Amino acid sequence: MSNKLFIFLLLCISIQFSAQTLSETQKLESLCRVWGFLKYYHPHVSQGTFNWDQQLFQKLKEIESINDKNQLNTIYAQWIESLGKIDRCKTCSKNENKVYFLKNFDLSWINNSEVFDQKVIKRLNYIQNNRNLGENYYFGKGGRKVYFRNENSYGSLFKSKHIALLELFRYWNYVEYFFPYKYKTDQNWNKVLTEMIPKFLSINTTENYHLTLAELVTKTDDSHAFLFSPFISVNQYGKRKVPIEYSYAEGKLIVTKVLSNKFNQSNPLQIGDVIYEIDGLTIPQKINLFGKYLPASNSWGKIKKAKNLLLFTNKDSLLIKFERDEKNTSLSLTTYFLKDIIAEKTIPSEKWKFYDDEKKIGYVNMGIIENKDIENMYQHLQTTTSIIFDLRNYPKQTISQLSRLLLPENGTYYQFNFPETSFLSKFYSRKNNIGRKNPDYYKGNVVVLVDENTQSQAETTTMMFKQHPKAKIIGGYTSGANGDVIRFKMADLETSFTGIGAYYPDGKETQRIGIIPDILVMPTITGIRQGKDEVLERALEYIKTGH
């Protein structure tokens, strides 16, 4: 045999061998997908016939010592075979009379020949085509959203890498099959799995466990999402705080209240001081530092979540740099436990009122007015020329009653996408459709105030108001998180994400974008220092001038 032929054959063998070799991450990615797919699609597994967590632990052990594609597929083929025979589904291919939303739906991984052989590919496709259509042991449906159930808890302390991987696999598949905005995440959800597997494998402490879980949740880019962890709250953010209240504007913090403490110690800060640096970090740098563990739909949602944490610490003091009277000052400020800070009593806000002596302008605080108050409010304000609806808060499910009073035609103002529980990862669309004309609708200006606190139901309510012929949305960018929330536990920690999709009637998105105001007004340092509500002032100017 010539040397050239020998080298050629050796190269071919090497290429064939390398094509059969799988990395640790590739093996675990495939296991995550197969385990989650069988959990929700296989007619026997989805009925709770097997201890599915223990099945995962067993498979994790089995694949640890192999790195060969053929060996891996042998394990998968035997596993699927052991789950029992699946009868053909006569109705699985039946066309439903629904408008489907398919941007989240992608089972193409099943046909990945780099990982699966044709035998396993055929079996996975058979399961897809003959999937479970009835009740599922692992989730139920309450009202218009799903909820997760029958999941074993292994506690919140780090115990083993296998349990950590279980929590990763559970959560990744929750998002894969039930999160309506999976297609909107910054990082492709498949790549999230690839990135997070090595991070979960490297976990060795409970604190690191919680931080890695929080990083995973943050990958949803959803302001509805959170992970409540006492380890993160205490160790990452702290239990002590500088005793002030503040607003955020132009990348800085403006002191709005100076609070007392139980020790009667003085506080050198004053109302109007502008804080621009905390322990050597600018405010944007501090927000970015926290941002890795704070899920948000957009930058304003990130700021909303992070800004309340900025003056927390576990240290006895914080080095603060601030500006006062055009002079920059640096001080070390004492911090206190929350129990030692004396909060000022707040004056209850009015649910609604006239804003002028002539009673031409009405004002409604949407965060506190309830359905029982709507009729009385409208009886008084229906003769005004303008009503300001302040939605820089969270409303109390008053959208339907208000729409019937205010809109000329109570028609379609939003579209929801619901999970298709008989073909998971598909969603179907449904528009609200009341279709009742109202000749006595409100004829004046409907002015809506919004900012980053306008989220979810508040955003849907704003979408309703926008259907009024004289509506004007004024303020900042909204949160961009809309749709009912699914709450559940991961590693025995409270968490959540959005459960149904919400869109304009024409399908235009609100998630991550929010409601774009007609007149953009952002608070300024000067305005906050002067005690102004610049968004409300701009609304009054619009009512007065028409622009």
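The rules behind each value
Positions within a chain are numbered from 1, following the residues in the order the chain's sequence is written. Local features in this predicted model are restricted to residues of pLDDT 70 or higher, and side-chain atom pairs are both shown and tallied only at a pLDDT of 80 or more, whereas totals for entire chains, interfaces and linings draw on every residue. Each side-chain value is derived from all of the structure's non-hydrogen atoms; neither hydrogens nor water enter the calculation. Two rings from Phe, Tyr or Trp (for Trp, the six-membered ring) form a pair when their centres are within 6.5 Å of each other. A pair whose planes differ by under 30 degrees is stacked, one over 60 is edge-to-face, and the rest are tilted. Here a strand is any run of E in DSSP of at least two residues, a helix any run of H or I of at least four, and the numbering for each starts at the N terminus. Residue exposure (1.4 Å probe, protein chains only): buried if accessible area is under 20% of the type maximum, exposed if over 50%, otherwise partly exposed. Sitting over a ring, as applied to charges here, requires NZ of Lys or CZ of Arg to be within 6 Å of the ring centre and within 35 degrees of the ring normal. Here, two residues are considered to be in contact whenever any of their heavy atoms come within 4.5 Å of each other. N or O atoms closer than or at 3.5 Å make up a polar contact, with two conditions inside protein: a donor-capable atom paired with an acceptor-capable one, and, for residues adjacent in sequence, both atoms drawn from side chains. The criterion for strand pairing is that DSSP finds at least two bridges linking the strands in question. Structural elements are reduced to axes, namely lines fitted to C-alpha atoms, with helices fitted over the stretch in contact, and the angle between N-to-C directions of any two is expressed from 0 to 180 degrees.

- Under an unreviewed UniProt entry, the name given to the protein is Tail specific protease domain-containing protein, and the source organism is Chryseobacterium nematophagum.

**Structural notes on the packing of aromatic side chains**
Phase 1 of the analysis: In the structure shown here, the tally under the stated rule is 41 aromatic pairs.
Phase 2 of the analysis: On the numbers, 6.2 Å between centres and 75° between planes, the contact of tyrosine 41 with phenylalanine 423 is edge-to-face. Taken together, the residues span a long stretch of sequence, with tyrosine 41 in helix H2 (residues 24-41) and phenylalanine 423 in the loop between strand S20 (415-419) and strand S21 (427-431) at a distance of 382 residues.
Phase 3 of the analysis: For tyrosine 41, a relative accessible area of 1% translates into the label buried.
Phase 4 of the analysis: A residue is classified by how much of its surface remains accessible, and phenylalanine 423, at 12% relative accessible area, is buried.
Phase 5 of the analysis: A ring pair is formed by tyrosine 413 and tyrosine 414, whose centres lie 4.9 Å apart and whose planes are at 65°; its orientation type is edge-to-face. For the pair tyrosine 413 and tyrosine 414, one class covers both residues: buried.
Phase 6 of the analysis: Positioned over the ring face of tyrosine 363 is lysine 353, at 5.6 Å from the centre of the ring.
Phase 7 of the analysis: A cation over an aromatic ring shows up here: lysine 426 above the ring of phenylalanine 105, its NZ or CZ 5.2 Å from the ring centre.

**Regarding the environment of asparagine 267**
Phase 1 of the analysis: Its place among the elements puts asparagine 267 in the loop between strand S8 (260-261) and strand S9 (274-278).
Phase 2 of the analysis: Remark: the alpha-carbon pair of asparagine 267 and phenylalanine 200, spanning 67 residues in sequence, is separated by 44 Å.
Phase 3 of the analysis: Those residues within four positions of asparagine 267 in sequence are excluded, and the remaining contacts are Pro243, Ile244, Val258 and Leu259.
Phase 4 of the analysis: Within the structure, the side chain of asparagine 267 is placed 3.4 Å from the backbone oxygen of proline 243, a separation counted as a polar contact.
Phase 5 of the analysis: At a separation of 3.1 Å, a polar atom in the side chain of asparagine 267 contacts the main-chain amide nitrogen of leucine 269.

**Re the sheet that holds strand S24 (residues 471-475)**
Think of a sheet as strands paired side by side through backbone hydrogen bonds, with each pair either parallel or antiparallel.
Phase 1 of the analysis: Read across the sheet, 6 strands follow the order S16-S17-S18-S23-S24-S28 without closing on themselves; strand pairing throughout is mixed. Pairing within the sheet leaves two strands with one partner each, and these edge strands are strand S16 (352-354) and strand S28 (519-520).
Phase 2 of the analysis: Bridge count between strand S17 (residues 361-365) and strand S18 (residues 386-390): 5 bridges; the pairing is parallel. Among the inter-strand pairings, glycine 362 is bridged to a residue of S18, identified as isoleucine 387.
Phase 3 of the analysis: Relative to the sheet, helix H12 (residues 371-381) contacts S16, S17 and S18, its axis offset from that of S16 by approximately 10°.

**Re helix H11 (residues 299-307)**
Phase 1 of the analysis: Taken residue by residue, H11 has Gly301, Lys302, Ile303, Ala306 and Lys307 as its buried positions.
Phase 2 of the analysis: For H11, the elements touching its buried residues are helix H8 (206-218), strand S6 (244-249) and helix H10 (283-291).
Phase 3 of the analysis: Regarding H11, its N-cap is asparagine 298, as a side-chain oxygen of that residue lies 3.2 Å from the backbone nitrogen of tryptophan 300 further along.

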